[in-house]
Amino acid sequence: MRFNFFKKEPVDFYTPVSGKIVPLEEVPDPVFSQKMMGDGLAVIPTAGDIVSPVKGTVILVAATKHAVGLRAEDGTEILIHVGLETVALEGKGFNVAVKDGDKVSAGQLLMEVDLEYISTNAKSTVTPVVITNSEEGKKQYVFTEEKEGTAGKTVLFTASAK
């Protein structure tokens, strides 16, 4: 019998916002739909709070507050991009609860979002969750088949070593 004590356990990444889960290909923006930033899924939110999908470190808070980047403990880097063309809102409608370098746990509040304001003033509220280092090929990702997600409870994808 052979044991591998160094093999890492798979890591679950939870839905960061409650809503309808859709493939990235359905996001009406080629940067996301063509996976230029990486693989992932998107959520059409039904609630405004964005929570951390995993235990890790905040590596980016966009100056315009519309996006947060995280590095999970396993090295997976993700970007949560709230809405489309939300950069133009210059931070209005977003209340960020974290800063670069903060350690976060799964389910911890990252930002409050005024969905009504976003839906009125931006192209879309769809929220891509992109694995920005998925092209490195070090991990394998299994995406959920679920069509609806609950923030911090529904597994969006699982990362495991190849």
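Throughout, a residue's number is its position along its own chain's written sequence, starting from 1. In view of the model being predicted, local features appear only for residues whose pLDDT reaches at least 70, and side-chain atom pairs are presented and counted only at 80 or more, with totals across whole chains, interfaces and linings using the full set of residues. Working from all heavy atoms in the structure, the side-chain values ignore hydrogens and water.

Asks: Tell me about the pattern of salt bridges, and please be specific about residues and values.
Replies: By definition here, a salt bridge exists when the distance from a side-chain nitrogen of Lys or Arg to a carboxyl oxygen of Asp or Glu is within 4 Å. Inspection of every chain in the model, using the stated rule, returns seven salt bridges. Residues Asp74 and Lys139 are paired through a salt bridge, measuring 3.8 Å at the closest nitrogen-oxygen approach. With Asp74 in the loop between strand 6 (67-72) and strand 7 (77-81) and Lys139 in strand 12 (residues 139-143), this residue pair connects regions lying 65 residues apart in the sequence. Within this structure, Glu25, Lys35 and Asp39 form a network of salt bridges that share partners. The way it works is that DSSP assigns letters per residue, a run of H or I at least four long becomes a helix, a run of E at least two long becomes a strand, and they are numbered from the N terminus.

Asks: If you had to explain the pairing of strand 3 (residues 39-45) to someone new, which residues and values would you point to?
Replies: Using a 1.4 Å probe on the protein chains alone, a residue whose accessible area is under 20% of its type maximum counts as buried, one over 50% counts as exposed, and one in between counts as partly exposed. Of all seven residues in strand 3, five are buried, a share of seventy percent or more. Sheet topology note: the strand 2 (residues 19-23)/strand 3 ladder contains five bridges and is antiparallel. Across the sheet, the residue bridging to Lys20 is Ile44, located in strand 3. At least two bridges found by DSSP between two strands are what make those strands a pair. When strand 3 meets strand 11 (residues 127-131), the two strands line up antiparallel, connected through five bridges. Looking at the pairing, Asp39 lines up with Ile131 of strand 11.

Asks: Give me the lowdown on the environment of Ser52, citing residues and values where you can.
Replies: As for its placement among the helices and strands, Ser52 is situated in the loop between strand 4 (50-51) and strand 5 (56-61). You can call Ser52 buried: its relative accessible area is 0%. Considered as a pair, Ser52 and Gly75 are 23 residues apart in the sequence and their alpha carbons are 15 Å apart. Contacts are assigned to residue pairs with any non-hydrogen atoms lying within 4.5 Å of each other. When sequence neighbours within four positions are dropped, the list of residues in contact with Ser52 reads Leu70, Val104, Ser105, Ala106, Gly107, Gln108 and Leu110.

Asks: Summarise the pairing of strand 7; cite the residues concerned and give the values.
Replies: For strand 7, the buried fraction is high: four of the five residues fall into the buried class. Relative to strand 7, strand 6 is paired through five bridges, and the arrangement is antiparallel. Considered in strand 7, the bridge of Ala67 is made with His81. The hairpin formed by strand 6 and strand 7 contains four residues between the paired strands, and Gly75 there has a positive phi angle of roughly 100°. Where strand 7 lies against strand 11, three bridges are found, and the strand directions are antiparallel. What sits directly across from Ile80, in strand 11, is Val129.

Asks: Explain the sheet that holds strand 2 residue by residue, including any values.
Replies: Judged by pairing direction, the sheet is antiparallel, and its eight strands sit side by side in the order 9-5-6-7-11-3-2-13 without closing on themselves. Two strands in the sheet have a free side with no partner beyond their single neighbour: strand 9 (103-104) and strand 13 (148-149). Alignment of strand 2 against strand 13, held across two bridges, turns out to be antiparallel. Residue pairing in the sheet places Lys20 in a bridge with Glu148 of strand 13.

Asks: Which residues make up unusual backbone geometry, and what values do they have?
Replies: What is expected of a backbone is that most residues other than glycine have negative phi and most peptide bonds are trans. With a phi angle near 55°, Lys35 is a residue other than glycine that sits in the positive phi range. Mapped onto the secondary structure, Lys35 falls in the loop between helix 1 (30-33) and strand 3. The partly exposed category is assigned to Lys35, whose relative accessible area is 29%. Positive phi, close to 65°, is recorded for Lys65, a residue that is not glycine. Here Lys65 shows up in the loop between strand 5 and strand 6. Take Lys65: its relative accessible area is 36%, and that puts it in the partly exposed class.

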